[in-house]
Amino acid sequence: MSIVENIKDVMINIAKAQSQRKNSENEKVTLVAVTKNHGVPAIKEALDAGILAIGENRVQEARMKFQEIGNCVQWHLIGHLQTNKVKQAIPLFDLIHSVDSENLALEINRIAEKHKKRQKVLLQLNISGETSKFGINPTQLPKMGRFISELEYVELAGLMTIAPNFEQIESTRPLFREMYQLYMELKTMNLQNTNINYLSMGMTNDYRVAIEEGANLIRVGTGIFGQREY
Ligand SMILES: *Cc1c(COP(=O)(O)O)cnc(C)c1O
């Protein structure tokens, strides 16, 4: 199937999953097309098919593509961000999904100030506790939320997680449900300087379940572009 057809399929699945929601039924879902390891022609096809946001894992790769594509689309950084890459990341990305330490938040604040930009970020949570995964422990969420809310040039916009690669997709459901609860708790903290609107969870295998449980930002790569070649 072509990229355009794949996107149509994903859109249909999104609508179906939205109709199964128990919470936040009418809330819109933004599809982030994950373009890592795919070239500019594939990205352009996705843009022609109506994609409004693309997700990249690595700053360097995104930079090269940005030179050709520019800011006709939202750029999301979904991969881990090292502090020494923040300098390059700030001018590039509309939303950074992967903030997972005070140090990283401080560095984003420092560089964003130089660009006179309020950088929108999500806090990445390690909801499964897998040691292979980045992200803060959910128990640290209130403290991290307060910490970021005090940074003038960082705008906390919500939460992100990556679910484990379970054989049974349904096994992700309790984790996504817990994420939604944490997201609602963060909203009700009413932290100054924040704008909590995004719950980023769900990839090709599990985005349907994630949406049913309240995701409003999903990150789909393989389901749009096919298998990646590394
Ligand atoms: C690669 C990646 C995705 C997309 O994964 P697919 O299974 O190809 O849809 C989503 N989120 C993150 C953080 C990723 O690194």
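Relevant structure appears above.
Here's what I pulled together on the structure shown here. (Residues numbered from 1 in each chain as written. Predicted model: local features only at pLDDT ≥ 70, side-chain atom pairs only at ≥ 80, totals over all residues. Heavy atoms only, no water.)

## Topic: the pattern of salt bridges
A side chain of one charge can pair with a side chain of the opposite charge if their charged atoms are brought near each other. Under the defined criterion, the tally for this structure stands at 13 salt bridges. Across the pair Arg58 and Glu61 runs a salt bridge whose closest N-O atoms are separated by 3.5 Å. Its relative accessible area of 51% is what places Arg58 among the exposed residues. By relative accessible area, Glu61 is classed as buried at 15%. Of the charged contacts, one joins Arg177 and Glu213 as a salt bridge, the two residues approaching to 3.0 Å between their closest N and O atoms. Residue Arg177 is found in helix H7 (residues 173-188), and its partner Glu213 is found in the loop between helix H8 (207-212) and strand S8 (217-220); the two are separated by 36 residues along the sequence. Given a relative accessible area of 39%, Arg177 falls into the partly exposed group. (Salt bridge = Lys/Arg side-chain N within 4 Å of Asp/Glu carboxyl O. Buried < 20%, exposed > 50% of the residue type's maximum accessible area, 1.4 Å probe, protein only. Helix = DSSP H or I, 4+ residues; strand = E, 2+ residues; numbered from the N terminus.)

## Some thoughts on helix H5 (residues 102-114)
If you check H5, its first and last C-alpha atoms are 19 Å apart, about what 13 residues at 1.5 Å a residue would give, namely 18 Å. Burial in H5 covers these residues: Leu104, Ala105, Glu107, Ile108, Asn109, Ile111 and Ala112. For H5, the elements touching its buried residues are helix H4 (86-89), strand S4 (95-99), strand S5 (119-125), helix H6 (141-149) and strand S6 (154-161). A positive phi of about 50 degrees marks Lys116, the residue just after H5. (Expected span 1.5 Å × (residues − 1). Contact = heavy atoms within 4.5 Å.)

## A few points about the site of the ligand
The full set of residues close to the ligand is Val34, Lys36, Asn57, Ile78, Ile162, Met203, Thr204, Arg219, Val220, Gly221, Thr222 and Arg228. In the environment of the ligand, an oxygen atom lies 2.7 Å from a nitrogen or oxygen atom belonging to the side chain of Lys36. Within the contact set of the ligand, an oxygen atom lies 2.8 Å away from a side-chain nitrogen or oxygen of Arg228. Coverage of the ligand by the protein amounts to 90% of the 390 Å² it exposes when considered alone. When the residues that make up the shell around the ligand are grouped by side-chain class, the tally is five nonpolar, four polar and three charged. (Near = heavy atom within 4 Å. Polar contact = N/O pair within 3.5 Å; in protein donor to acceptor, adjacent residues only side chain to side chain. Areas by Shrake-Rupley, 256 points an atom, 1.4 Å probe, with all protein chains shown as cover. Nonpolar A, V, L, I, M, F, W, Y, C, P; charged D, E, K, R; others polar.)

## Some details on the nonpolar core
Among the nonpolar cores identified, the biggest contains 68 residues, and Ile108 and Leu159 are the most heavily contacted of them. Broken down by element, the residue count for this core peaks at seven residues, all from H7. Excluding anything up to four places from it in sequence, Leu159 contacts Leu122, Leu123, Leu125, Leu141, Met179, Leu182, Tyr183, Leu186, Tyr198, Leu199 and Ser200. Of all hydrophobic cores here, the second largest spans seven residues; its members include Leu95, Ala157, Met160 and Leu217. (Core = buried A, V, L, I, M, F, W, Y, C linked by side-chain atoms within 4.5 Å.)

## Overview of the pairing of strand S1 (residues 30-34)
Across the five residues of S1, five count as buried, placing the element largely inside the fold. The side-chain alternation of S1 yields two buried faces, one formed by Thr30, Val32 and Val34 and the other by Leu31 and Ala33. For S1 and S8, the ladder comprises four bridges, and the chain directions are parallel. Each residue of the ladder has a partner; that of Leu31, found in S8, is Ile218. After leaving S1, the chain enters helix H2 (residues 40-48) and then returns to the sheet as strand S2 (residues 53-56), a path that is right-handed. (Pairing = 2+ DSSP bridges. Right-handed = clockwise from strand over helix to strand, strands pointing away.)

## Focus: the side chain of Ser98
For Ser98, the location among the structural elements is in strand S4. Setting aside its immediate chain neighbours within four residues, Ser98 contacts Leu77, Ile78, Gly79, His80, Leu81, Leu104, Leu122 and Gln124.

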